Amino acid sequence: MATRGALQSFSVSKESWNKRRIITPDGELVERGGVNEFTSWITEYPIKSEKDFEIGKRGRIRTVSAARRAPGRPERPPSVPAALFLTQQTFPRSVFAYPAREFMALLSLQGVTLNLGGKTLLDTVDLHVEQGERVCLVGRNGVGKSSLMALLSGDLTPDGGTIVRTPGVTFGHMPQAVPDHWSGPVFGVVASGLGKEGEALAAAHLIATGREDQLSAAKLALARDLLQSGEGWERHGDILEAINQLGLDPEADFATLSGGNKRRVALARALVASENLLLDEPTNHLDIKTIAWLEDFLVRRVKTFVFISHDRAFVRRLATRIVEVDRSQLYSYACTFDQFLERREERLDAEEKQAAAFDKKLAQEEAWIRQGIKARRTRNMGRVRALQAMRSERMARVSRQGVVSMLAQEAERSGKLVIEAKQAGFAYPDGYRVFNPFSTIIQRGDRIGLIGNNGVGKTTLLRLLLGELEPTEGSIRHGTRLEVSYFDQLRSSLDPEKSVMDNVANGNDTVTINGQQRHVASYLMDFLFESDRLRVPVHTLSGGERNRLLLAKLFTMPSNLLVLDEPTNDLDVETLELLEELLASYSGTVLMVSHDREFLDNLVTTTLALEGDGQVREYVGGYTDWLRQRPEPVAAHTDKPKPKPLAPPAKIGPRKLTFKEQRELQMLKDELEALPGKIAALEDEQHTLEDRLNDPGFFARDPDGFNATAKRISELDDEQTAALQRWEDVEFRIAELEGKAEDK
C-alpha cells in the first residue's frame, strides 16, 4: 500500500532538510528518502507546478517534463517515494509534496508487450489504475486501444511483461465485439455477468413472471433461497433498471436483436456485474437521453472505470485521467480532457524539436564519416560506433500517423429553396403515426441537425425529406438542381465482400476528384488506408475504418446536399474534428442525424427535434440551444396550491370575415399560388446567367456585360430570399384570417 494526497507547496528549514523528515502544513509526515540522486537533475530542469509531475507505480512521484525524453520514447525519469523538492541554494527551501493518503492500484501493467498480426501494438508499457479513478483511453483508430482493454479484462494474454490484479476485485467488461456464445432471453444474458448469482437471478425472474414451471427443482430452490434473503429482489431490480433504461425488452431473444441492441445488452451486463468497469465505446448506438442517463449512473454508482470513447462531451464530463496510446507507447495525463489536448500538443512539439536536432546531428556525423580516413585524420572508432547507434535509433523511430485529408466534391449550386415541408405527416399502413403534420423550409447553406430518442423516426424523417417516402398527409417539395450524397448509418452502400479499392472505384484504377484523375490507392491514402489494406474485403475492417471508407466513397460524388446518418460512430477525435472543418466550409446544404452533442453544437444552424410526442419542433442552433429553448418538462406534483389561470374570454360564436378581410384572404391565396412559380423563374434566370459567366471569353468580349451579369446574380439571391420570406408571411396571415373566422 502506498500513500499520496492533495499537492501542497510550503517551505522547509535547513534542519528539517538535513534530518530528512518534513512535516506538511496539515501535520502529515513526509519522508525525504531517495532525494539525493534526484537533486542535481531538478537543478537543471526545475519543476514549477503540479502539472509537471504525476504519481508513478508504487506511489513514486515521476516528472512528466518532455525535456529528458529521447525522441519516440515515453518518459522514464527518476522518482522519489513521497515528496519532490525544488532546489534552491538557500533555506527555507520551497517544497512540493503529497501528504499521506492510502491508495492502491486495482490493475497494473508492468513492462507489457503485445504483438498482433505481425504488428507491435504495445512495447514495454506500464499502466496503473487506482481505486476511484476514471481513466479514458484515447488514440487514433487502430493503435490498439481495444487490445489494451482486452489485456486489462484478461481476454488477451501479453507477449511479455506482467499484469497484476488486486485479489477479490472484479471488473464488469463491455467488449468492442459482442461474443457469439451469448444466447437466451435478454434478462438472462445481462444477469450472467454475475456468475452463479446471475443464474439464480435469471431463475428468480422466471418465478417473478409466472414461469417457474420451466425450472428444475434445484434451480427453483436456489432462486427461492436468493429471493428470501432480501438482497435478491434488490439485485433483480438493478438488472431490470439497467435493461429498461437502455430501452431493451427483458424477454426478447438475444439472437434476434440488431447489432446495436446487442451492444446495449453488453453494456447492461457490465453495469450490473461490478462497481468497477471496463467499457469499450459505451455510447455507440445510444441516443442522447440514454447517454445522459449513463453519465449520471457512472458518476453516482461506479467507483473505478476505464473506458474508450470518442464522444468528447462524454469524456469531458467523466474522465479524471487521460491515457493516450501512441506508436506502441502509453502517455498518461492526470488532467481534464481540454488540458490533455494542450499538453499533448506541447509533448508533440517538444518531440518534433528533439527529432529535428537529432536528425541534424546525424547528418553532420554522416558527412564526417564520408570524408575518408585522410580527411578525418583519425579513425576515432568510438565516434564511428556512436554513429552506428544513431543510425539504429533513427531506423527504430516510429513516425506519428498522418491525419485524414478530406475534400468534398461540390456540384453546381442548388436553387435557393432546397426542401419545403408543408403540413407533412407520416403514418404506417397499420395506423401507427410516426409524427404529426409539420412545416419547415430548408434553404441552400443550412446545416440541419435531427435529434431524438432511438426509435422515434429520425431516419424515417430523413427519407421523407429526401422523397424516398411519400407523406401520408401534406406535401414535400424539392428545389432545383439537387445533387444528393447519402451517408447511411447501416453502411449499406458498402459491399462487405468487395475490397476497399473496389468499393470506392467500382473496379477502376482511378477516381475523378474535382475534375482531376487520381489513382484510387493515392486517394485512399488520404483516408489513412495503407497499401496492405487496399485489397482486403470490407467485412474485415474495424468500425472506424468502415466509416472512413464510406466517407472516401461519399466524397468521390459531386453533391450540393449532404445527408449524414450517424457519421461520427467509431471515428477518432482527430478525424471527427477534420470532418467538422470540412462540413463547416461546405457551401451546400447538410442534413445530419447524430447523438454526438459537441458535433451538433459545432455545426448545425437549425435543429429539428422529435421529442417523442409525435411532434417535430424546430429550434435555432444546436444541441445546447435546444436544451435551453425546449418546453419545460412537466413539473412533479406538489401539494402547494397553484394559482388558477385566468378564465378565457367567453366565445361569441363564429362570425363572418369583413368584406375587407375576405378580399385580403383571396388576394393572399392567389399570391401564395403564384409564389412557387415566381421562385422557380428566379432560379432559372440565375442558372442561365451563371452559365453565361462560365464562358471563358465572356469577359474579354463584353466586360460591362460581365459585370452587369454578376451584379444581377447577386440581386437574384436577394430576391429569392425575399420571396421565401414572403411565402412564410403569407402562410401565417392566411392561417390567422382563417382562424379568426373559425374561433371568433
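Rules behind the numbers
Numbers given to residues run from 1 along each chain, matching the order in which its sequence is written. Under the rules for a predicted model, residues below a pLDDT of 70 receive no local features and side-chain atom pairs below 80 are neither given nor counted, while totals for whole chains, interfaces and linings still include all residues. With hydrogens and water set aside, each side-chain value is computed from the structure's full complement of heavy atoms. Secondary structure elements follow DSSP: runs of H or I of four or more residues count as helices, runs of E of two or more count as strands, with numbering from the N terminus. Pairs of residues are marked as contacts when any of their non-hydrogen atoms sit within 4.5 Å. Should a side-chain nitrogen of Lys or Arg be within 4 Å of a carboxyl oxygen of Asp or Glu, the pair is scored as a salt bridge. Three exposure classes are used, based on accessible area relative to the maximum for each residue type with a 1.4 Å probe and protein chains only: buried under 20%, partly exposed in between, and exposed over 50%. Paired strands, in this sense, are two strands between which DSSP finds at least two bridges. The angle between two axes is taken between their N-to-C directions and runs from 0 to 180 degrees, where each axis is a line fitted to C-alpha atoms and a helix contributes only its stretch in contact. Each angle gets one of four labels, with under 35 degrees taken as roughly parallel, over 145 as roughly antiparallel, 65 to 115 as roughly perpendicular, and the rest as oblique. By definition, turning the near helix anticlockwise from the far helix through less than a right angle yields a left-handed crossing, and turning it clockwise yields a right-handed one. Residues are grouped as follows: nonpolar covers Ala, Val, Leu, Ile, Met, Phe, Trp, Tyr, Cys and Pro; charged covers Asp, Glu, Lys and Arg; every other residue, Gly included, is treated as polar. Predictor confidence is given residue by residue as pLDDT, running from a minimum of 0 to a maximum of 100. Counted as a polar contact is a pair of N or O atoms within 3.5 Å, where, for protein atoms, one must be capable of donating a hydrogen and the other of accepting one, and residues adjacent in sequence contribute only when both atoms are in side chains. To estimate the expected span of a helix, subtract one from its residue number and multiply by 1.5 Å. By convention a crossover is right-handed if, when the strands point away from the viewer, the path from the first strand over the helix to the second runs clockwise. Side-chain atoms within 4.5 Å are what join buried Ala, Val, Leu, Ile, Met, Phe, Trp, Tyr and Cys residues into a set we call a nonpolar core. Residues with no salt bridge and a relative accessible area higher than 30% make up the patches, which join like charges within 9 Å and nonpolar side chains (Val, Leu, Ile, Met, Phe, Trp, Tyr) within 5 Å. Each accessible area is a Shrake-Rupley estimate made with a 1.4 Å probe; only the visible protein chains count as cover when residues are assessed. His is not counted here, nor are the chain ends, while Lys and Arg score as positive and Asp and Glu score as negative. Every charge is mapped onto a representative atom, which is NZ of Lys, CZ of Arg, CG of Asp or CD of Glu.

Topic: the overall build of the chain
Link 1 in the chain: For the chain, the helix and strand inventory stands at 23 helices and 30 strands.
Link 2 in the chain: Partitioning the intrachain contacts of the chain with sequence separation of at least 6 by distance along the chain shows that 67% fall at a separation of at least 24.

Things to note about the pattern of salt bridges
Link 1 in the chain: Here the structure, examined in full by the defined rule, presents 26 salt bridges.
Link 2 in the chain: For Arg 316, the salt bridge is made with Glu 598, and the minimal N-O distance between the two is 2.6 Å. Taken together, the positions of Arg 316 in helix H10 (residues 312-318) and Glu 598 in helix H19 (residues 597-603) put the pair 282 residues apart, joining distant regions of the chain.
Link 3 in the chain: Its relative accessible area of 33% is what places Arg 316 among the partly exposed residues.
Link 4 in the chain: A salt bridge links Arg 726 to Glu 671; its shortest N-O distance comes to 2.8 Å. Taken together, the positions of Arg 726 in helix H23 (residues 703-743) and Glu 671 in helix H21 (residues 659-693) put the pair 55 residues apart, joining distant regions of the chain.
Link 5 in the chain: Residue classification places Arg 726 among the partly exposed positions, given a relative accessible area of 36%.
Link 6 in the chain: Note on Glu 671: relative accessible area 27%, which makes it partly exposed.

Details of the sheet that holds strand S22 (residues 447-452)
Link 1 in the chain: Within the open sheet, the six strands sit side by side as S24-S27-S28-S22-S29-S30. Their pairing is mixed. Each having just a single partner strand, strand S24 (484-487) and strand S30 (616-620) make up the two edges of the open sheet. Across the sheet, the mean angle separating the axes of adjacent strands is 15° when strand polarity is ignored.
Link 2 in the chain: Strand direction decides the pairing type here: S22 and strand S29 (residues 606-610), joined by five bridges, are parallel. Looking across to S29, one finds that Ile 448 is bridged to Thr 606.

A closer look at the packing of helix H8 (residues 259-273) against helix H9 (residues 288-301)
Link 1 in the chain: One way to put it is that H8 packs onto H9 with a least axis distance of 13 Å and a crossing angle of 15°. Regarding the angle of H8 to H9, the classification is roughly parallel. Crossing angle aside, the handedness with which H8 passes H9 is left-handed. Across from Arg 264, Leu 267 and Leu 271 in H8, the residues of H9 making contact are Thr 290, Trp 293, Leu 294, Phe 297 and Leu 298.
Link 2 in the chain: In the contact of H8 with H9, the residues fall into six nonpolar, one polar and one charged.

Some points on the sheet that holds strand S19 (residues 329-333)
Link 1 in the chain: On the basis of which strands lie adjacent, the open sheet formed by six strands has the order S15-S16-S17-S13-S18-S19 and mixed pairing. Edge positions in the sheet fall to strand S15 (172-174) and S19, since each has one partner strand and no second. Sheet twist, expressed as the average angle between the axes of neighbouring strands with direction ignored, equals 15°.
Link 2 in the chain: Bridging between strand S13 (residues 134-138) and strand S18 (residues 321-326) involves four bridges; their strand directions are parallel. Bridge pairing in S18 links Leu 137 to Val 323.
Link 3 in the chain: Running at roughly 165° to S15, H8 makes contact with S15 and strand S16 (276-280) of the sheet.

Let's talk about the confidence of the model for the chain
Link 1 in the chain: Looking at the chain as a whole, the pLDDT averages 76, with 76% of positions reaching at least 70.
Link 2 in the chain: Every residue in residues 1-10 scores below 50 in pLDDT, and together they form 46 contacts with partners more than four places removed in sequence or on other chains.

A word on the side chain of Arg 597
Link 1 in the chain: Along the chain, the position of Arg 597 falls in helix H19.
Link 2 in the chain: Residue classification places Arg 597 among the buried positions, given a relative accessible area of 8%.
Link 3 in the chain: Within polar-contact distance, the side chain of Arg 597 engages the side chain of Glu 295 at 2.7 Å.
Link 4 in the chain: With residues up to four places along the chain from it excluded, the contact list for Arg 597 reads Ile 288, Ile 291, Glu 295, Asp 311, Ala 313, Phe 314 and Tyr 623.

What to know about H9
Link 1 in the chain: Taking 1.5 Å per residue as the helical rise, H9 with its 14 residues ought to reach 20 Å, and the 20 Å between its terminal C-alpha atoms agrees with that figure.
Link 2 in the chain: Listing the buried residues of H9 in full gives Ile 288, Thr 290, Ile 291, Trp 293, Leu 294, Glu 295, Phe 297 and Leu 298.

Here's the deal with the pairing of strand S17 (residues 304-308)
Link 1 in the chain: With five of five residues buried, S17 is to be regarded as a mostly interior element.
Link 2 in the chain: Burial of S17 is two-sided: the residues Thr 304, Val 306 and Ile 308 facing one way and the residues Phe 305 and Phe 307 facing the other way are all buried.
Link 3 in the chain: Pairing geometry for S13 and S17, over four bridges, is parallel. Bridge pairing in S17 places Val 135 opposite Val 306.
Link 4 in the chain: Since S16 and S17 lie parallel, the crossover through H9 that links them has a hand, and here it is right-handed.

Some details on the nonpolar core
Link 1 in the chain: Counting 51 residues, the largest nonpolar core has Ile 239, Leu 298, Phe 307 and Ile 322 as the members making the most contacts within it.
Link 2 in the chain: Residue contacts for Ile 322: discarding those within four places in its chain leaves Cys 136, Val 138, Val 315, Tyr 331, Ser 332, Tyr 333, Cys 335, Thr 336, Phe 337 and Phe 340.
Link 3 in the chain: Within the second largest apolar cluster, 44 residues are counted, among which are Met 501, Ile 513, Leu 549 and Leu 550.

So, a negative patch on the surface
Link 1 in the chain: A cluster of acidic side chains, namely Glu 342, Glu 345, Glu 346, Asp 349 and Glu 352, defines a negative patch on the protein surface.
Link 2 in the chain: Within the secondary structure, Glu 342 is located in helix H11 (residues 337-369).

Structural notes on helix H18 (residues 573-585)
Given 3.6 residues per turn, any residue in an α-helix points the same way as the ones three and four places further on.
Link 1 in the chain: Spanning 13 residues, H18 covers 19 Å between terminal C-alpha atoms, matching the ideal 18 Å at 1.5 Å per step.
Link 2 in the chain: Taken together, the buried positions of H18 are occupied by Val 573, Glu 574, Thr 575, Leu 576, Leu 579, Glu 580, Leu 582 and Leu 583.

Remarks on the environment of Leu 524
Link 1 in the chain: In this fold, Leu 524 is placed in helix H16 (residues 520-525).
Link 2 in the chain: Counting along the chain gives 24 residues from Leu 524 to Arg 548, while the straight-line C-alpha distance between them is 9.3 Å.
Link 3 in the chain: The contacts of Leu 524, once residues within four sequence positions are left out, are Val 500, Met 501, Val 504, Phe 529, Leu 534, Leu 549 and Ala 552.

Things to note about unusual backbone geometry
Link 1 in the chain: Positive phi outside glycine occurs at Thr 124, with the angle close to 55°.
Link 2 in the chain: In this structure, Thr 124 sits in strand S12 (residues 119-130).
Link 3 in the chain: Of note in this structure, His 285 is not a glycine but carries a positive phi near 70°.

Quick notes on the pairing of strand S21 (residues 433-443)
Link 1 in the chain: As paired elements, strand S20 (residues 417-427) and S21 share seven bridges and run antiparallel to each other. The partner of Ala 427 across the bridge, within S21, is Arg 433.
Link 2 in the chain: The antiparallel pairing of S20 with S21 creates a hairpin that spans five residues between the two strands, and Gly 431 there sits at a positive phi of about 100°.

What about the environment of Ser 274?
Link 1 in the chain: The topology assignment puts Ser 274 in the loop between H8 and S16.
Link 2 in the chain: What makes Ser 274 buried here is its relative accessible area of 14%.
Link 3 in the chain: When the C-alpha atoms of Ser 274 and Lys 303 are compared, they prove to be 9.3 Å apart, with 29 residues separating the residues in sequence.
Link 4 in the chain: Excluding residues that lie within four positions of it along the chain, Ser 274 makes contacts with Thr 170, Phe 171 and Gly 172.
Link 5 in the chain: Engagement of the side chain of Ser 274 in a polar contact is seen with the backbone oxygen of Thr 170, the distance being 2.8 Å.
Link 6 in the chain: Polar contacts involving the side chain of Ser 274 include one to the main-chain amide nitrogen of Asn 276, which spans 3.0 Å.

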